[in-house]
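# Topology and contacts: notes
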Amino acid sequence: MKIAVFAGDGIGPEVTREAVRVLKALGLNDLELVEGDVGGAAWRKHGHPLPPQTLEIARSADAILFGAVGDFECDRLERHLRPEQAILGLRKELGLFANLRPAKLFKGLEDSSALRPEVASAIDLLIVRELNGDVYFGEKGTKVLPDGRRQGWDMMSYAEDEVRRIAHVAFKAAQGRRKLLCSVDKANVLETSQLWRDVVIEVAADYPDVALSHMYVDNAAMQLVRNPGQFDVIVTGNLFGDILSDQASMCVGSIGLLASAALAEGTMGLYEPIHGSAPDIAGQDKANPLACILSAAMLLRHSFGLEAPAARIEAAVAKALADGIRGGDLGGHLGTVAIGEGVLARL
Ligand code: NAD
Ligand code: IPM
Ligand code: MN
């Protein structure tokens with residue numbers, strides 16, 4: 001079990017440290033952890049956010065545990081040198097097209113949600129976000145128009161095979177859950193979305209046991225706070241999935257709780273909290289490490305088929321939260337390390 005650990009910037013190293021402690025505490029056989037530089041930290045050391053040696057480690061690993069990248073001091077660099085290119089590059093280079101972002105309310109966090117407790121307690125959903133296409137990877141640029149005005153553009157597109165493969169992932173995920181799939185798009189305005197919707201409907205023929213519905217993304221954002229319990233699996237494109245998953249995190253209490261898996265065909269996967277490097281709290285022992293710890297659980301489940309230790313981590317996190325182990329993001333006072341210890345003690 002070779003796991004690459006890419007901690008990155010800001011709170012990335014703080015939260016991955018706790019996740020690694022949890023992984024080590026499980027006493028798994030053949031666990032090999034290899035560290036690599038990504039993001040602003042890698043740019044400072046090697047002049048590139050995703051240096052070749054890091055990509056090499058990634059390719060040789062069975063799975064990747066990723067912290068976060070992002071460093072405001074790098075925001076004026078040419079785009080290909082910015083920290084975010086590390087995660088975008090890994091997703092693209094390794095074909096990590098399927099992003100699973102589950103959101104479920106933990107018992108005891110009813111009052112931490114930004115929603116009323118009776119609304120929040122019904123949340124148990126999975127966002128399946130396409131991760132290799134959309135406006136993220138289209139042609140982009142800036143230019144000066146003949147009349148002197150500056151213009152920026154980013155091309156949004158999806159090819160049908162890209163939609164088809166993520167739709168299959170989402171339908172299969174729904175089959176293992178409550179068998180409800182909601183495809184979120186903006187087909188009333190965007191051609192990309194109309195194709196998305198047409199292809200999802202075609203794929204639905206293979207899954208007669210799953211009830212498929214469609215929703216425009218603006219309505220979906222509204223429904224996610226009005227009645228999130230209506231959702232089981234949501235499948236959507238790269239940009240909409242990015243935004244809706246941050247929103248879903250506050251519905252369950254904190255962005256410091258949401259884990260994710262970025263999967264390729266096969267067993268290779270990159271696992272990371274959905275949050276970023278949080279420069280405002282970095283280096284202060286304030287970050288909630290639970291999203292990263294839960295990402296480690298997803299890693300064991302999806303890349304290694306280790307359901308029992310994955311469930312053991314999740315149960316320890318649930319117990320810790322139920323026992324009142326909370327950081328500032330959830331109205332508590334505990335620091336990153338203490339929260340990690342709270343989980344370790346309950347493993
Ligand atoms: P962010 O997720 O880093 O932070 C948003 C807010 O949530 C901040 O107030 C932060 O303090 C808080 N927060 C985030 N994670 C937390 C945690 N674990 N515990 C407690 N509070 C937490 O988003 P941002 O501020 O928009 O972006 C900061 C940087 O991170 C940017 O450079 C951005 O590009 C990058 N980013 C990277 C990733 C990634 O590596 N996958 C994801 C999102 C953003
Ligand atoms: C995420 C992040 C990334 C994204 C950024 C850092 C490129 O926001 O993982 O959600 O937009 O996908
Ligand atoms: Mn995001």
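Note that the structure is predicted; figures quoted are calculated from it, not measured.

## Focus: the site of ligand 2
- Every residue close to ligand 2 is listed here: Glu 84, Leu 88, Arg 91, Arg 101, Arg 129, Tyr 136, Asp 242 and Ile 274.
- Between Arg 129 and ligand 2, the recorded distance is 2.7 Å, taken from a side-chain N or O atom to an oxygen atom.
- Here an oxygen atom of ligand 2 and a side-chain polar atom of Asp 242 are 2.9 Å apart.
- Here ligand 2 loses 78% of its free accessible area of 320 Å² to cover by the protein chains.
- Top element by residues in the shell around ligand 2 is helix 4 (residues 84-93). It accounts for three residues.
- Mapped onto the domain boundaries, the shell around ligand 2 takes at least three residues apiece from domain 1 (1-97 + 264-347) and domain 2 (102-257).

## Focus on the domain arrangement of the chain
- As assigned here, the chain comprises domain 1 (1-97 + 264-347) and domain 2 (102-257).
- Between domain 1 and domain 2, the C-alpha centre-to-centre distance is 23 Å.
- Domain 1 puts 22 residues into the contact, and the matching count from domain 2 is 24 residues.
- Taking both partners together, domain 1 and domain 2 bury about 1900 Å²; carbon and sulfur atoms supply 66% of that area.
- Applying the counting criterion to the domain 1 and domain 2 interface returns zero salt bridges.
- Our enumeration of links across domain 1 and domain 2 arrives at eight residue pairs in polar contact (both at pLDDT 80 or more).
- Of all elements in the fold, only helix 4, helix 10 (290-304) and helix 11 (307-322) reach the threshold of two or more residues within the side of domain 1 that touches domain 2.

## Details of the site of ligand 1
- Not every one of the 21 residues close to ligand 1 is listed here, only the nearest: Glu 84, Gly 276, Ala 278, Asp 280 and Asn 288.
- One nitrogen or oxygen atom from the main chain of Asn 288 is found 2.9 Å from a nitrogen atom belonging to ligand 1.
- Isolated, ligand 1 exposes 800 Å² of accessible area, and the fraction of that covered by the protein chains is 71%.

## Observations regarding the packing of aromatic side chains
- If you walk through the whole model with that rule in mind, you get two aromatic pairs.
- Considering the side-chain rings of Tyr 158 and Trp 196, the 5.2 Å spacing of their centres and the 55 degrees angle between planes classify their relative orientation as tilted. With Tyr 158 in the loop between strand 7 (150-154) and helix 6 (160-175) and Trp 196 in helix 7 (residues 191-204), the pair connects residues that are 38 residues apart, well separated along the chain.
- Relative accessible area serves as the criterion here: at 9%, Tyr 158 is assigned to the buried category.
- We classify Trp 196 as buried; its relative accessible area is 3%.
- Centre to centre, the rings of Phe 171 and Tyr 207 are 4.8 Å apart; their planes meet at 5 degrees, and the pair counts as stacked. Of this pair, Phe 171 sits in helix 6 while Tyr 207 sits in the loop between helix 7 and strand 9 (211-216), and the two are 36 residues apart along the sequence.
- Owing to a relative accessible area of 6%, Tyr 207 belongs among the buried residues under this scheme.
- Seen from the ring of Phe 137, Lys 92 lies directly overhead, with NZ or CZ sitting 4.6 Å from the centre.

## Observations regarding unusual backbone geometry
- The backbone of Asp 134 shows a phi angle near 75 degrees, a positive value even though the residue is not glycine.
- Along the chain, Asp 134 turns up in the loop between strand 5 (124-130) and strand 6 (140-144).
- Overall, Asp 134 belongs to the buried group, its relative accessible area being 5%.
- Positioned with a positive phi, Lys 179 is a non-glycine residue whose angle comes to about 65 degrees.
- One can find Lys 179 in the loop between helix 6 and strand 8 (180-185).

## With respect to helix 10
- Under the 1.5 Å per step criterion, the end-to-end length of helix 10 is 21 Å for 15 residues, consistent within 8% with the ideal 21 Å.
- The element helix 10 is extensively covered by neighbouring structure, given that twelve of its 15 residues are classed as buried.
- Of all the residues in helix 10, the buried ones are Leu 290, Ala 291, Cys 292, Ile 293, Leu 294, Ser 295, Ala 296, Ala 297, Met 298, Leu 299, Leu 300 and Ser 303.
- Backbone geometry just after helix 10 places Gly 305 at a positive phi near 65 degrees.

## What about the environment of Ala 41?
- Among the structural elements, Ala 41 can be located in helix 2 (residues 39-46).
- Along the primary structure Ala 41 and Arg 17 are separated by 24 residues, whereas in three dimensions their C-alpha atoms are 16 Å apart.
- Beyond its immediate sequence surroundings of up to four residues, Ala 41 is in contact with Gly 8 and Asp 9.

What counts, and where the lines are drawn
- Residues numbered from 1 in each chain as written.
- Chains lettered and ligands numbered in written order.
- Predicted model: local features only at pLDDT ≥ 70, side-chain atom pairs only at ≥ 80, totals over all residues.
- Heavy atoms only, no water.
- Near = heavy atom within 4 Å.
- Polar contact = N/O pair within 3.5 Å; in protein donor to acceptor, adjacent residues only side chain to side chain.
- Areas by Shrake-Rupley, 256 points an atom, 1.4 Å probe, with all protein chains shown as cover.
- Helix = DSSP H or I, 4+ residues; strand = E, 2+ residues; numbered from the N terminus.
- Domains from an automatic or database assignment.
- Contact = heavy atoms within 4.5 Å.
- Buried area = accessible area lost by both parts, 1.4 Å probe.
- Salt bridge = Lys/Arg side-chain N within 4 Å of Asp/Glu carboxyl O.
- Phe/Tyr/Trp six-rings, centres within 6.5 Å; stacked < 30°, edge-to-face > 60°.
- Buried < 20%, exposed > 50% of the residue type's maximum accessible area, 1.4 Å probe, protein only.
- Lys NZ or Arg CZ within 6 Å of the ring centre and 35° of its normal.
- Expected span 1.5 Å × (residues − 1).

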